[in-house]
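Chain by chain, the residues run as shown.
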Amino acid sequence: MKPGTFAAFVAPSVVLMILFIAGPLVSVLVQSFYVTRQVFETTTVENCTPGFLAPVCTTEARSRPKQKPGGGVETETVFVGFEAYRLLLQPDAVAAAFAPGGGGFERLLTIDFYKALRFTLTFTLITLPLVIGLGLAIALAVDAAAKRLRGVLIFASLLPFIITPVIGALAIRWLFIGDGILTAALEAILQRDIALFAEGWTIEILMLFYRVWHVAPFAFVVFYAALQTVDQDTLESAIIDGASRTERLRYVVIPHLMPLIVFVALIHLMDSYRVFEEVIGFSSQAHRISLQWLTFSFLMPDETGNRSISRASASSMLTMVGIIILLIPLLMRTWRDHRRKR
Amino acid sequence: MLKTILAAALVSTALAGPAYAACAFRNDVPIKSLTAAFDAWKAVTAAMAECGNVQAELDQEFRRKQPDAFAANPALYQLGGVANGTLTPLLNAGTIRPLDDLVAKYGQNLTPNQLIRIDGRIMAVAMMVNAQHFMYRSDILQELGIQPPKTYDEVLAAAERIRASGKMQHPLGGTFKAGWDLAQEFNNMFLGFGGSFTNANNTPAVNGPAGVRALEMLKRLSTYMDPEYLAADSTAVQRSFQQGRIAMANLWASRAGALDNPAESQVVGKVAMAAAPIAMAGGKPATTLWWDGFVVARNIPDAQADAAFRVAMEGIDEEMVRANNAAAVWLIKGYQPNRLAEGAIQSAMGGAPNYPSTTVMGLMHAAIGEKIADFMTGRRDATQTLADIEASYLVKAREAGLVR
């Protein structure tokens, strides 16, 4: 292909990527270095609120945002450098935690960012092997099932993936919270009071379970499709050579699936590092938060209508850095394979 | 959060029942309102709808939607329902208009008590008051010979006796949902112990004896609650009462009507109302007084504001109150306080303070909501939690520009 033709072909996607990916990223990066705030003035004002029988009026000094003459309020934007990152990462508190008598990891995990990071990492790394393993197991099982049953089996196994994530999480929550039917059933069997939503670790297990249940069908579909293309001749010769079922799986099927296992792992790492729906669906904020939820909570207006845009931007930049670090080993592997093939 | 979104309902003109006499005038300007979704707002918006061309949106998540919807030009809603706390973001953004001239024109039936004045100007018109106050199962307390508790120590003693009697494992309820609700419980208790949130220069002042005592009291109360208390919002506590699973709670007055609603409650007539308990000897009832009422958007033509205000006045007129006397503790003429209103009125008479509509309070409330769950789950002790709250408040206050 001539360079000119090539350029003409990729130009639209390059433009779109700059517009929708690079542009916003740069904008978020810039916003993480600035804070926009209101200009407050202190005035002595009279305020009245209802009381019983008569209103209660008080005259006192209050800080209030300066109003612009034409409506709206005055704001100012100031450059704060890495202040937002410092507020998130709290290096001083971390240093204090690891100083003698500082509380160590236990203290570290009470700082929002590290609490979120801890949960996000455990969540990602525990669900990854489970999703791949379960997906592969279902794919092998369906592949071995009688042809007539396969359609029904595929449909049934795909169902969890079709459900909207938040709705699925809510459904599981209602099954278990308070005296939900499954909790009630467990209580009846075990003859003891169970409160699954009273402690962090039980909620965490439910969240892990939910994610595996929800995403395994995706891995299953990918692996199942790949299983249809396994070289039958190789399999047959393996059988003639006396390879057992496990050996065939290990030396023929898995190597054939390997590129797709890497693909599923990549997608799953990216997806689960952005874990969010589970925190909302299971209302786990008191016990477990994720990095994405942290960004979300900064973005939501607080009781004064203020949004922490600066900290939200810093938090999303850090989330992105985290994903890149996680993906490096897998990307390097793909790159090596690519080089070898050339 | 989500279930409240699901609970959001649309009441349109078509749905308005013929329960009230028709509106005094024919409204031909399309009016939209965004309010909370509890019973009082249902009654008021239904009465407004009789004027025609009114589309009322009732949504418990209104506090998230209102600031942006009112900041739009033209505003997406002409009328908003707010309370002390939710007035702050609108005031700060300057997106609501002063109502002095409209009150002079159409507000003949309003009492001075209904006019919310900020900086001398009327910024909102209140229709009802609300407060968290003590509710208890009079039948259970009577059966066990327990005097209705007046202080939090008596509440704990009563809870212990109910538990010991084997009637209930978790006799106490509380709106302890992590975040805003739990922070509000802390506010009540903190004020009850005589605390004050900030110094004159807007720096925080919660990390003191009152803060520690408030936190410790909350933890002692939680030992008598269902272990999943960190997920219990007002609706959850209301349900627990209705289903007879709890005997005592400090709950919003606006929820009292539902406890006497035979369609959904199993404890009709059995729940008595009282002032919020006192936290320390000689203290005031440990609660804050709230009002709910109307604001009118700034970014709309004056003619629309005019029509919107008239419609709102129809919504909060005497007829509506007569038909819905039990739905709230109304501030409107013609209201007859009933036994359900006793708790709120006694709390106010006892000197419970108003919840201030200030930026300082809003930021403090948010900071407390973020950090307090760590104390309840035992990850941080009382002074550490209070230090965390102060640090978080300072970060927010600096970001908002309040503290330099």
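Model, not experiment: these values are computed from the prediction.

## Quick notes on the domain arrangement of chain B
All names here are of chain B.
- For chain B, the assigned domains read domain 1 (2-130 + 289-346) and domain 2 (131-287).
- Here the C-alpha centre of domain 2 lies 29 Å away from the C-alpha centre of domain 1.
- Facing the 17 residues of domain 1 at the interface are 19 residues of domain 2.
- At the junction of domain 1 with domain 2, the criterion picks out one salt bridge.
- Taking the shortest distance from any N to any O, the salt bridge between arginine 339 and aspartate 260 comes out at 2.7 Å.
- For the interface between domain 1 and domain 2, the tally reads five residue pairs in polar contact (both at pLDDT 80 or more).
- Taken together, the elements giving at least two residues each to the side of domain 1 that touches domain 2 come down to β6 (121-137), β10 (289-296) and α14 (342-349).
- The dominant element in the side of domain 1 that touches domain 2, judged by the number of residues it contributes, is α14, at four residues.
- Residue composition of the side of domain 1 that touches domain 2, by class: nine nonpolar, four polar and four charged.

## A few points about the interface of chain A and chain B
- Opposite the 57 residues of chain A that make contact, chain B presents 60 residues.
- Around 4,900 Å² of area is buried between chain A and chain B when both sides are counted, 54% of it from carbon and sulfur atoms.
- Joining chain A to chain B, the criterion identifies six salt bridges.
- Between Lys371(B) and Asp112(A) there is a salt bridge; the shortest N-O distance is 3.2 Å.
- Here chain A is connected to chain B by 20 residue pairs in polar contact (both at pLDDT 80 or more).
- Elements that contribute at least two residues to the side of chain A that touches chain B include exactly β1 (34-38), β2 (40-49), β3 (56-65), α5 (112-144) and α7 (165-176) of chain A.
- Sort the elements by how many residues they give to the side of chain A that touches chain B and β2(A) lands first, with six residues.

## Side note on helix α12 (residues 302-315) of chain B
- Taking 1.5 Å per residue, 14 residues should reach 20 Å; α12(B) reaches 20 Å between its end C-alpha atoms and fits that length.
- With respect to burial, α12(B) is a largely interior element, 10 of its 14 residues being buried.

## Considering a nonpolar patch on the surface
- Side chains of Leu16(A), Met17(A), Leu19(A), Phe20(A), Ile21(A) and Leu25(A) sit close together on the surface and give an oily, nonpolar patch of about 610 Å² of accessible area.
- Its location among the elements puts Leu25(A) in helix α1 (residues 3-31).

## Concerning the packing of aromatic side chains
- Tallied over the entire structure, the rule returns 22 aromatic pairs over all chains.
- Here the aromatic rings of Phe134(B) and Tyr136(B) are separated by 5.8 Å at their centres, their planes lie at 25°, and the arrangement is stacked.
- Given the relative accessible area of 11%, Tyr136(B) is considered buried.
- Between the NZ or CZ atom of Arg173(A) and the centre of the ring of Trp174(A), over which it lies, the distance is 5.0 Å.
- We note Arg310(B) situated over the ring of Phe25(B); from NZ or CZ to the ring centre the distance is 3.9 Å.

## Here's the deal with the domain arrangement of chain A
- Considered domain by domain, chain A is made up of domain 1 (39-48 + 57-76) and domain 2 (112-341).
- Each of domain 1 of chain A and domain 2 of chain A has a C-alpha centre, and these two points are 50 Å apart.

## Remarks on the pairing of strand β3 (residues 54-58) of chain B
All names here are of chain B.
- The element β3 is largely enclosed, with a buried count of four among its five residues.
- Pairing geometry for strand β2 (residues 31-35) and β3, over five bridges, is parallel. Bridging across to β3, leucine 34 finds its partner in glutamate 57.
- Traced from β2 through helix α2 (residues 39-49) to β3, the parallel crossover comes out right-handed.

## Thoughts on the packing of α2(B) against α12(B)
Residues and elements named next belong to chain B.
- For the pair α2 and α12, interaxial distance at closest approach is 7 Å and the crossing angle is 120°. Judged on the interaxial angle alone, α12 and α2 are oblique. With respect to the hand of their crossing, α2 and α12 are arranged in right-handed fashion. Here Val44, Ala47 and Met48 of α2 come into contact with α12, specifically with Val311, Ala312, Glu314 and Gly315.
- Considered class by class, the residues forming the contact of α2 with α12 number five nonpolar, one polar and one charged.

## What to know about helix α3 (residues 62-71) of chain B
- When we look at burial in α3(B), the residues that qualify are Phe62(B), Gln66(B), Pro67(B), Ala69(B) and Phe70(B).
- Against the buried residues of α3(B) lie β2, β4 (79-83), α4 (84-93) and β10 of chain B.

## Examining the environment of Pro255(A)
Residue and element names in this part refer to chain A.
- When you line up the elements, proline 255 lands in helix α11 (residues 245-273).
- When its relative accessible area of 44% is taken as the criterion, proline 255 is described as partly exposed.
- Separated by 25 residues in sequence, proline 255 and valine 230 place their C-alpha atoms 10.0 Å apart.
- Excluding residues within four positions of it along the chain, proline 255 makes contact with Leu249 and Arg250.

## Thoughts on the state of the cysteines
Residue and element names in this part refer to chain A.
- Inspection of every chain in the model, using the stated rule, returns two disulfides over all chains.
- Each disulfide pairs two cysteine sulfurs, and for cysteine 48 the partner residue is cysteine 57, the sulfurs being separated by 2.0 Å. Every disulfide takes its handedness from the sign of the S-S torsion; for cysteine 48 and cysteine 57 that torsion is 105°, giving right-handed.
- Residue classification places cysteine 57 among the partly exposed residues on the basis of a relative accessible area of 38%.

## Considering unusual backbone geometry
- Look at the link from Asn73(B) to Pro74(B): it is a cis peptide, with omega at 0°.
- One can find Pro74(B) in the loop between α3 and β4.
- Even without a glycine there, the phi angle at Gln191(A) is positive, about 60°.
- Residue placement: Gln191(A) occurs in the loop between α8 (181-190) and α9 (200-227).
- Within the chain, Ser283(A) stands out as a residue other than glycine whose phi angle is a positive 45°.

## A closer look at the pattern of salt bridges
Residue and element names in this part refer to chain A.
- The final tally for this structure, using the stated rule, is 30 salt bridges over all chains.
- Across the pair glutamate 204 and arginine 118 runs a salt bridge whose closest N-O atoms are separated by 3.0 Å. Highlighted residues: glutamate 204 in helix α9 and arginine 118 in helix α5, separated in sequence by 86 residues.
- Its relative accessible area of 28% is what places arginine 118 among the partly exposed residues.
- Notably, a salt bridge pairs arginine 274 with aspartate 271, separated by 2.8 Å at the nearest N-O pair.

## Digging into the side chain of Glu390(B)
Residues and elements named next belong to chain B.
- Tracing the sequence through the fold places glutamate 390 in helix α16 (residues 382-400).
- Buried and without a salt bridge, glutamate 390 has arginine 398 as its closest oppositely charged side chain, separated by 11 Å.
- Among all residues touching glutamate 390, those that are not within four sequence positions of it are Pro204, Ala205, Val206 and Asn207.

## What to know about the environment of Phe186(B)
Residue and element names in this part refer to chain B.
- Within the secondary structure, phenylalanine 186 is located in helix α8 (residues 180-192).
- Phenylalanine 186 sits in the buried class, given a relative accessible area of 0%.
- Taking the C-alpha atoms as reference points, phenylalanine 186 and glutamine 66, 120 residues apart in sequence, are found 26 Å from one another.
- Not counting residues up to four positions away in its chain, the partners in contact with phenylalanine 186 are Phe197, Gly211, Ala214, Leu215, Leu218, Ile368, Ile372 and Leu386.

Each value, and the rule that gives it
Residues numbered from 1 in each chain as written. Chains lettered and ligands numbered in written order. Predicted model: local features only at pLDDT ≥ 70, side-chain atom pairs only at ≥ 80, totals over all residues. Heavy atoms only, no water. Domains from an automatic or database assignment. Contact = heavy atoms within 4.5 Å. Salt bridge = Lys/Arg side-chain N within 4 Å of Asp/Glu carboxyl O. Polar contact = N/O pair within 3.5 Å; in protein donor to acceptor, adjacent residues only side chain to side chain. Helix = DSSP H or I, 4+ residues; strand = E, 2+ residues; numbered from the N terminus. Nonpolar A, V, L, I, M, F, W, Y, C, P; charged D, E, K, R; others polar. Buried area = accessible area lost by both parts, 1.4 Å probe. Expected span 1.5 Å × (residues − 1). Buried < 20%, exposed > 50% of the residue type's maximum accessible area, 1.4 Å probe, protein only. Patch = residues over 30% accessible without salt bridge, like charges linked within 9 Å, V, L, I, M, F, W, Y side chains within 5 Å. Areas by Shrake-Rupley, 256 points an atom, 1.4 Å probe, with all protein chains shown as cover. Phe/Tyr/Trp six-rings, centres within 6.5 Å; stacked < 30°, edge-to-face > 60°. Lys NZ or Arg CZ within 6 Å of the ring centre and 35° of its normal. Pairing = 2+ DSSP bridges. Right-handed = clockwise from strand over helix to strand, strands pointing away. Axes fitted to C-alpha atoms, helices over the stretch in contact; angles between N-to-C directions. Parallel < 35°, antiparallel > 145°, perpendicular 65-115°, else oblique. Left-handed = near helix turned anticlockwise from the far one by under 90°. Disulfide = S-S within 2.5 Å. Lys, Arg positive; Asp, Glu negative; His and termini not counted.

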